[in-house]
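Chain and residue survey
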Amino acid sequence: MTDAEKIRRDELVTRYHQLLTPAQATVAFPPLESAGQDRAVTEEQLRDGDISELPIRLGIAARRAQDSGYLYPIALDLVVGTGLSGDDALKEEVTRYSLDGLYDNRVMMGWTEEPRRGLRRHFLGLSCADDDEFRKIIGLLPAKEAVRDDDTVAAIKFGGLQNGAVAAGHDLLAGDRGVFTRITPGELMGLAVLVDVLSDRRHRVSKHVYDSREHSQRTTAARDDYNRKTTALELGQLLEDAGWAEGTNDGRAYKYERGDDAGELFEPTVTFTSAGKVYRPFDIFALDYENVDAAADDLISSGQVTVEAPQLKARQRPQVEVNQDVIALQKLVTSTLQRARSSVDSTLPLALSRQINGMHYAVVSVMPDGSAREWTITDADSLLVAAAQPVHKSDRGTSFRTGFDRNVVSGVLSSLAAPGVLRVVEAVVSEPVITKEGRIVRRPGYDPKAKVILVIPHRDRAAWATGYHVPEKPTLEEAQAAYDNLRTELQTDFLYKTATDRERHFAYLLTCVVRPTLLNGAPGFIANAYDPGTGKSLSLEMGRMLGQGHVRSADFTPTAKADDETEKRLTAMIEAGLRHLHADEVVRETPLAGTAITKATTAVDGGLGFRKLGVSELVPVAGHIISAAGNNAKLSGDHQRRWLKWDLDSTLVASVINRTGFRHDDILGWIKENRPQLVAWVHTIFLYAMQHEPEMKIPGMGFNHNWPKVVLGAMSHLTTPEGDNAAELALRGWEDSARSHNAISDEWGEFMAVLWRKLAGKTAPTAQIMTIVSGLPEAELSYLPYSLERWAAHAEGQRKQKWGETFASIANSAVVNGDVTYRIQAVEASERSNRSNRWLISAVDKNNQLIDPKTISEQGPTTPAPEWEALIAHLLAKHPDVDGYSPAALEETIKNSGLPLPPELTVSLSPSEFDRVAQGLVGRSFLTGVLDRTIDADLGPRYFVFEEGAEAA
């Protein structure tokens, strides 16, 4: 050892000697006599160089007197990157909470060691008046430890021993060993705020009323800025404004009273303590607002505080010389972007290729707030600048540029779109997901194998870590238990009309969870009831909360006239990263219609594109779920098979405002709080299904996407409490409804049945059909399709032409009415025009067997219930007078007959509804008689009953 080294060693020994009680301090050091022996540290061993690492005593036991009060040694540990450059994520938080001056210029420049790779230890000295003040300050800190994923990433240590280096061992990063960086109580409070926001959970002994994990970064940053700027005197004024009266004080602690409540304002930390809770100035200020977010908004908008907006940038931003060949510059910037990683997450590429069905769609980035940003030629310069700093170098030095030339931006975007240039991402999610291969992605960050970015806010990670558990190979019993639990917790409080309605709603809830990664499309979902207050909208909001953690959606108008607007809404929704397109309160009795929605509910992700507003680019439709809610909501023909509908009973609640006494009064809040467990149950069901074949044959339902196979396939393994298969229940009645309801069938079904009976298997020209129609009774004439009725005011020749063209437009198309399918065919078609000389209508039953109209004998378009035979005989026996039955008299006679009623009359009907039912029987042949209806100029509608073959009365 040289003389200079000995002098340096002596100086260090003297400094450390002031901090240690050698007789009490022990440390494990390289053995002098036997391996692993612990020895007391002596001054001689220090001087001789036998010891390179010593325990540094912290807190009250190591206090050092100074001119005013004492200096108390403490340590700040931070798990960061190696060396002074540290971790950019930490730098972001330091900047966001305006700690640059304190942390970068003082703490970082003071005594700082690196006990192990990635751990930075700062030795600080807190100035306090006495031990009591030191204890109180430590007790008022919002956090003393930060934990992420169960690992400690930051800690403030204020007692016991901490290892520090004498000369070798630890790397000295900055400052002088033995010289503490002095800080004030207020500055320590700022560092404690930094520790608090770095943690994904609240400190176990924190008494602070504000929890940064429950609020946005914006609100927390505004709160911190306000707290730093507010003095103890101003805090006292806030307390007085809140009704507190100041009492005694000792110059540091000020007593306050308000009624029976007592509190204390502690001047060194500018905090207020009452009833065991700690308030900072913002917490008192926010008491006058609806919530803390509103208080923060007011402070920001009024300019009282400033917050640092988070910016997208790479961890390392090299300088790029712009004064060079354009092609070379494009290549350089492209390669820089390929290597760039986000400053927030070192595992996350700054730019990725968003793909749909294996095709590049857009260059995207994950922003600091977790949202996905797609880049276009108009804004991609911001991406390039986030990756590299453009500069121009000349003899006069280096000048910074604010951006890149548009040609460079365009060339770089084109290069990034090439296969293999960027890492691929197919979904950006905020909760664990299950992949098509049956793998669970639960670790936050970028998963290149799954092509998924999982962004879980730090405040939520502890909840997901403890609440989300999915068996690697679930058993059927575990999948069934998950199903039972979900039904109990989420569906108990709804009164469904049928078991089918319950299972369709359950299918919707499952869809909301697995849509991002397992499905390449989905049908529409509609909640229906006949009265308000049944929970229609709530049943849909539940799915949105369950699947994405919030209920936000884009709205649309579900009509054909609004198609263009719907396309724009859907396009904007996808560009904004939203998942749900929802129409609330569909107009009563107005059929839900529009081609934009029929396309979006049928197509595979990426197979449909809508034009972006103002430009010629197409936005591929992908990742969406479309839903609607309404009272007595109807589906137009083309929509019938594309939507899954459930009905809720109107007797559940009288009004949406008296939703009490349920299993979960605040069901949305409960879902949000328990999402990890709920999502885990959903994933358990699907993981079991992916490992086993479906229990039943799953129909494709006419969709191009995989929704039936995935969702109904999973439900096929589940059994309801009544013993039914859940998938079979969800499908029950769907095929019949889809088959009998399409645009053509809805418009033409009843009319085609009437015309088929009238033609009785014979052909007829258009003119003859017009004559037949003109002679129909009013009840049958009411079935005339609008496609024909619209030409009523035209001249006969033109009307004949339009009717012929209309028949040609539906020729050979299936027209379903009840269990019968009709088709109109052109016979002896004219070659000179699209009009047909003669038309033939055929009919087949549900077994596809041809029906002979001669055997039907004028039977109506649908077969009435058998109870009508007895009722017609009863009406005939009553021998009504010459005026016949009025609708009301007919109803009364039927209801008072004492005979069994047909199904359509077992429900309560209004007079007009009863009249419609009766009209449906007019002209139909019963064994016991025939019912007829006329309109009397004075008496209105009248019904007559007569024997088959007899004249009407």
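Positions within a chain are numbered from 1, following the residues in the order the chain's sequence is written. Side-chain atom pairs in this predicted model are given and counted only at pLDDT of 80 or more, local residue features only at pLDDT of at least 70, and totals for whole chains, interfaces and linings cover all residues. Only heavy atoms go into the side-chain values, all of them from the structure, while hydrogens and water stay out.

- The name recorded for the protein chain in an unreviewed UniProt entry is DUF927 domain-containing protein, from Gryllotalpicola kribbensis.

**A closer look at the overall build of the protein chain**
- By the criteria applied, helices consist of DSSP H or I runs no shorter than four residues and strands consist of E runs no shorter than two, each listed in order from the N terminus. The helix and strand tally for the protein chain stands at 32 helices and 44 strands.
- Taking contacts inside the protein chain between residues at least 6 apart in sequence as the whole, the part at least 24 apart equals 69%.
- Using a 1.4 Å probe, the Shrake-Rupley method yields the accessible areas, and only the shown protein chains count as cover for residues. Carbon and sulfur atoms make up 48% of the accessible area of the protein chain, which amounts to about 44,400 Å² in all. By definition in these notes, contact holds between two residues if any of their heavy atoms fall within 4.5 Å.

**A look at unusual backbone geometry**
- If you check the backbone angles, Asn 357 has positive phi at about 55° while not being a glycine.
- Tracing the backbone through its elements, the reader meets Asn 357 in the loop between strand E19 (352-356) and strand E20 (359-366).

**A look at the packing of aromatic side chains**
- Between 30 and 60 degrees the pair is tilted, below 30 it is stacked and above 60 it is edge-to-face, where a pair is any two Phe, Tyr or Trp rings, Trp via its six-membered ring, whose centres lie within 6.5 Å. As enumerated under the stated definition, the model contains 22 aromatic pairs in all.
- Note on Tyr 210 and Phe 282: the rings are 6.4 Å apart at their centroids and 90° apart in plane angle, and the pair reads as edge-to-face. With a gap of 72 residues between them, Tyr 210 in the loop between helix H6 (185-198) and helix H7 (217-229) and Phe 282 in helix H9 (residues 281-285) connect regions that are remote in the sequence. Assigned by exposure class, Tyr 210 and Phe 282 land together as buried.
- Residue placement shows Arg 63 over the ring face of Tyr 70; its charged tip is 4.1 Å from the ring centre.
- A ring is scored as having a charge over it whenever the NZ atom of a lysine or the CZ atom of an arginine sits within 6 Å of its centre and within 35 degrees of its normal. Seen from the ring of Trp 791, Lys 802 lies directly overhead, with NZ or CZ sitting 5.1 Å from the centre. Think of it in three bands: residues with accessible area under 20% of the maximum for their type are buried, residues over 50% are exposed, and the middle band is partly exposed, with areas taken using a 1.4 Å probe on protein chains only.

**Quick word on the packing of helix H16 (residues 499-518) against helix H21 (residues 675-690)**
- Helix axes are fitted to C-alpha atoms over the stretch in contact, other axes to C-alpha atoms as well, and angles between N-to-C directions run from 0 to 180 degrees. Orientation of H16 relative to H21, taken along the N-to-C sense of each, is 75°, at an axis distance of 11 Å. One way to sum up the angle between H16 and H21 is to call them roughly perpendicular. Along its contact with H16, which presents Phe 506, Leu 510, Val 513, Val 514 and Leu 518, the element H21 presents Val 679, Val 682, His 683, Ile 685, Phe 686 and Met 690. Under this scheme an angle from 65 to 115 degrees is roughly perpendicular, one under 35 degrees roughly parallel, and one over 145 degrees roughly antiparallel; angles in between are oblique.

**What to know about the packing of H7 against helix H10 (residues 292-301)**
- Closest axis-to-axis distance for the H7/H10 pair is 9 Å, and the angle between their directions is 60°. What the angle tells us is that H7 and H10 run oblique. The chirality of how H7 crosses H10 is left-handed. Counted together, Arg 218, Thr 219, Ala 222 and Tyr 226 of H7 and Val 292, Asp 293, Ala 296, Asp 297, Leu 299 and Ile 300 of H10 form the full contact between these two elements.
- Broken down by class, the residue content of the contact of H7 with H10 amounts to 6 nonpolar, 1 polar and 3 charged. Crossing handedness is read from the near helix: turned anticlockwise from the far helix by less than a right angle, it gives a left-handed crossing, and turned clockwise, a right-handed one. Gly falls in the polar group here, along with every residue not listed as nonpolar (Ala, Val, Leu, Ile, Met, Phe, Trp, Tyr, Cys, Pro) or charged (Asp, Glu, Lys, Arg).

**Here's the deal with the nonpolar core**
- What we call a nonpolar core is a set of buried Ala, Val, Leu, Ile, Met, Phe, Trp, Tyr and Cys residues that are connected through their side-chain atoms within 4.5 Å. Grouped together as the largest cluster of nonpolar side chains are 70 residues, with contacts concentrated most on Leu 490, Met 542, Phe 686, Trp 707, Leu 712 and Met 715.
- Contacts of Trp 707, omitting those with residues within four sequence positions, involve Ala 507, Thr 511, Leu 519, Gly 521, Ala 522, Pro 523, Phe 525, Leu 644, Met 701 and Leu 712.
- Counting 40 residues, the second largest nonpolar core, distinct from the first, contains Tyr 97, Ala 154, Leu 198 and Ala 253.

**Concerning the side chain of Ser 365**
- Its place among the elements puts Ser 365 in strand E20.
- Whenever two N or O atoms come within 3.5 Å, that pair is a polar contact, provided that in protein one can donate a hydrogen and the other can accept it, and provided that, for residues adjacent in sequence, both atoms are side-chain atoms. From its side chain, Ser 365 meets the backbone oxygen of Leu 350 in a polar contact 2.6 Å long.
- For Ser 365, the side chain forms a polar contact with the side chain of Trp 375, separated by 2.8 Å.
- Sequence-distant contacts of Ser 365, that is, excluding residues within four places in its chain, are made with Leu 312, Leu 350, Ala 351, Ser 371, Ala 372, Arg 373, Trp 375 and Leu 383.

**Brief notes about the sheet that holds strand E22 (residues 389-394)**
- Strand pairing requires that DSSP identify at least two bridges connecting the strands. The 3 strands lie next to each other as E18-E22-E23, forming an open sheet whose pairing is mixed. In this open sheet, the two strands that pair with only one neighbour each are strand E18 (319-321) and strand E23 (397-400). Neighbour to neighbour, the strand axes of the sheet diverge by 40° on average, direction disregarded.
- Two strands pair when backbone bridges link them, and E22 and E23 are joined in this way by 4 bridges, in the antiparallel orientation. For Ser 394, the partnering residue across the bridge sits in E23 and is Gly 397.

**Describing the pairing of strand E6 (residues 112-116)**
- Pairing analysis gives 3 bridges linking E6 to strand E7 (residues 119-128), with the strands arranged antiparallel. What sits directly across from Arg 116, in E7, is Leu 119.
- Counting the residues between successive antiparallel strands, the hairpin from E6 to E7 contains 2 residues, one of them, Gly 118, with a positive phi of roughly 90°.
- Note: E6 against strand E11 (residues 171-174), 3 bridges, orientation antiparallel. When the sheet's bridge partners are listed, Thr 112 is paired in E11 with Ala 174.

**Brief notes about the environment of Gly 159**
- Examined against the element boundaries, Gly 159 turns out to sit in the loop between strand E9 (151-157) and strand E10 (161-165).
- Between the C-alpha atom of Gly 159 and that of Gly 59, which follows or precedes it by 100 residues, the distance is 4.6 Å.

**With respect to the sheet that holds E19**
- Reading across from one edge, E21-E20-E19-E24 is the order of the 4 strands in this open sheet, with mixed pairing throughout. Unpaired on one side and paired on the other, strand E21 (372-375) and strand E24 (424-425) mark the two borders of the sheet.
- Relative to E20, E19 is paired through 5 bridges, and the arrangement is antiparallel. Within the sheet, the bridge partner assigned to Ile 356 lies in E20 and is Met 359.

**Section: a negative patch on the surface**
- Grouping into patches uses exposed residues only, defined as over 30% relative accessible area, and leaves out salt-bridged ones; the cut-off is 9 Å for like charges and 5 Å for nonpolar side chains (Val, Leu, Ile, Met, Phe, Trp, Tyr). The salt bridge criterion pairs a side-chain nitrogen of Lys or Arg with a carboxyl oxygen of Asp or Glu, the two atoms within 4 Å. In this count, Lys and Arg are taken as positive residues and Asp and Glu as negative ones, while His and the chain termini are left out. The location of each charge is read from NZ of Lys, CZ of Arg, CG of Asp or CD of Glu. Together, Glu 240, Asp 241, Glu 246 and Asp 288 line one region of the surface with negative charge.
- Tracing the backbone through its elements, the reader meets Glu 240 in helix H8 (residues 232-241).
- Under the relative-accessibility criterion, Glu 240 is labelled partly exposed at 39%.

**A few points about the side chain of Ser 206**
- Its location among the elements puts Ser 206 in the loop between H6 and H7.
- There is a polar contact of 3.1 Å between the side chain of Ser 206 and the backbone oxygen of Pro 142.
- Engagement of the side chain of Ser 206 in a polar contact is seen with the backbone nitrogen of His 208, the distance being 3.4 Å.

**Section: H10**
- For H10, every residue scored as buried is listed here: Val 292, Ala 295, Ala 296, Leu 299 and Ile 300. Projected down its long axis, H10 shows its buried positions confined to an angular sector of 130°, all on one face.
- The elements touched by buried residues of H10 are H7 and H9.
- A positive backbone phi angle near 80° is found at Gly 303, which sits one or two residues after H10. Throughout, the arc means that of the directions going from the helix axis to the C-beta atoms.

**Brief notes about the pattern of salt bridges**
- The final tally for this structure, using the stated rule, is 24 salt bridges.
- Arg 515 is the partner of Asp 605 in a salt bridge, and the nearest nitrogen-oxygen pair spans 2.8 Å. Taken together, the residues span a long stretch of sequence, with Asp 605 in the loop between helix H19 (595-602) and strand E34 (609-611) and Arg 515 in helix H16 at a distance of 90 residues. Each member of the pair, Asp 605 as well as Arg 515, carries the same accessibility label: buried.

**Things to note about the confidence of the model for the protein chain**
- Across the chain, each position has a pLDDT score giving the predictor's confidence in that residue, from 0 to 100. Here the protein chain shows a mean pLDDT of 81. Residues at 70 or above account for 82%.
- The spread of mean pLDDT over the elements of the protein chain runs between strand E1 (residues 26-28), the lowest at 33, and H21, the highest at 97.
- Considering only residues more than four positions removed or in separate chains, one finds that residues 652-657, a stretch of pLDDT under 50, has 11 contacts.

**Describing the environment of Ser 537**
- Relative to the helices and strands, Ser 537 resides in helix H17 (residues 536-548).
- Residues in contact with Ser 537, not counting those within four places in the same chain, are Asp 584, Glu 585 and Ala 629.
- For Ser 537, the side chain forms a polar contact with the side chain of Asp 584, separated by 2.6 Å.

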